[in-house]
Amino acid sequence: MSALRTAYVYVRGAFAGTLAETDEGYSFAYDPQYLANGNASPVSLTLPLSAEPYTSKTLFSFFDGLIPEGWLLGVVSRNWKISRDDRFGLLLVACKDAIGNVQIREERV
């Protein structure tokens, strides 16, 4: 399963795993070093800590829920020239400093 686009997911500033858009849909995998950390917490209750990757034909509801809605979605879509239907693209540009403890990055920092 090769990734078309990849997002790097951080929890409280710590690299937690990768979210990938693939030909078959989406996958999310926790980083093994993150899992080995005794203070690791799940990205969401719907994606509990696991060494096995999660797969879905649609963008996981937790990540989709981070994307702005309403007028703010319109601002993001216009400013970055990203279609409202490109949920993964919107996630990459709009969720670098999301409210809460999860951040999404285009590059691993």
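For the structure itself, look to the data block above.
Residues numbered from 1 in each chain as written. Predicted model: local features only at pLDDT ≥ 70, side-chain atom pairs only at ≥ 80, totals over all residues. Heavy atoms only, no water.

1. Considerations on the overall build of the chain
Line of reasoning, step 1. Per the secondary structure count, the chain includes 4 helices and 5 strands.
Line of reasoning, step 2. Counting from the amino terminus, helix and strand elements in the chain follow one another as β-β-β-α-β-α-α-α-β.
Line of reasoning, step 3. Summarising its shape, the C-alpha atoms of the chain cover approximately 40 × 30 × 25 Å along the three principal directions.
Line of reasoning, step 4. For the chain, the proportion of its 109 residues judged to be buried stands at 42%.
Line of reasoning, step 5. Intrachain contacts of the chain at a sequence separation of at least 6 include 43% that bridge at least 24 residues.
Line of reasoning, step 6. As displayed, the chain has an accessible area near 6,400 Å², and 51% of this comes from carbon and sulfur atoms.
Line of reasoning, step 7. Each charge class in the chain was averaged separately, 10 positive and 12 negative side chains, and the resulting centres sit 7 Å apart. (Helix = DSSP H or I, 4+ residues; strand = E, 2+ residues; numbered from the N terminus. Buried < 20%, exposed > 50% of the residue type's maximum accessible area, 1.4 Å probe, protein only. Contact = heavy atoms within 4.5 Å. Areas by Shrake-Rupley, 256 points an atom, 1.4 Å probe, with all protein chains shown as cover. Lys, Arg positive; Asp, Glu negative; His and termini not counted. Charge placed at Lys NZ, Arg CZ, Asp CG, Glu CD.)

2. What about the sheet that holds strand E3 (residues 25–30)?
Line of reasoning, step 1. Taken in spatial order, the 5 strands make up an open sheet running E4-E3-E2-E1-E5, and their pairing is antiparallel. The open sheet is flanked by strand E4 (54–56) and strand E5 (102–105), the only strands paired with a single partner. The mean inter-strand angle of the sheet, taken between neighbouring strand axes irrespective of direction, is 20°.
Line of reasoning, step 2. Of the pairings in the sheet, the one linking strand E1 (residues 3–11) to E5 comprises 4 bridges and is antiparallel in character. (Pairing = 2+ DSSP bridges. Axes fitted to C-alpha atoms, helices over the stretch in contact; angles between N-to-C directions.)

3. Brief notes about the pattern of salt bridges
Line of reasoning, step 1. What the rule picks out here adds up to 3 salt bridges.
Line of reasoning, step 2. Of the charged contacts in the structure, one is a salt bridge between Asp-86 and Arg-5, with a shortest N-O distance of 2.7 Å. Highlighted residues: Asp-86 in the loop between helix H3 (70–80) and helix H4 (87–94) and Arg-5 in strand E1, separated in sequence by 81 residues.
Line of reasoning, step 3. Residue Arg-5 is classed as partly exposed on the basis of its relative accessible area, which comes to 28%. (Salt bridge = Lys/Arg side-chain N within 4 Å of Asp/Glu carboxyl O.)

4. Let's talk about the packing of aromatic side chains
Line of reasoning, step 1. Taken as a whole and assessed by the stated rule, the structure comprises 8 aromatic pairs.
Line of reasoning, step 2. Pairing Tyr-8 with Phe-15 gives two aromatic rings, centres 6.2 Å apart and planes at 45°, and the pair type is tilted.
Line of reasoning, step 3. Under the relative-accessibility criterion, Tyr-8 is labelled partly exposed at 21%.
Line of reasoning, step 4. Judged by relative accessible area, which is 12%, Phe-15 ranks as buried.
Line of reasoning, step 5. Ring pairing ties together the aromatic residues Phe-28, Tyr-30, Tyr-34, Phe-60, Phe-62 and Phe-63, which thus form one cluster.
Line of reasoning, step 6. Positioned over the ring face of Phe-15 is Arg-108, at 3.8 Å from the centre of the ring. (Phe/Tyr/Trp six-rings, centres within 6.5 Å; stacked < 30°, edge-to-face > 60°. Lys NZ or Arg CZ within 6 Å of the ring centre and 35° of its normal.)

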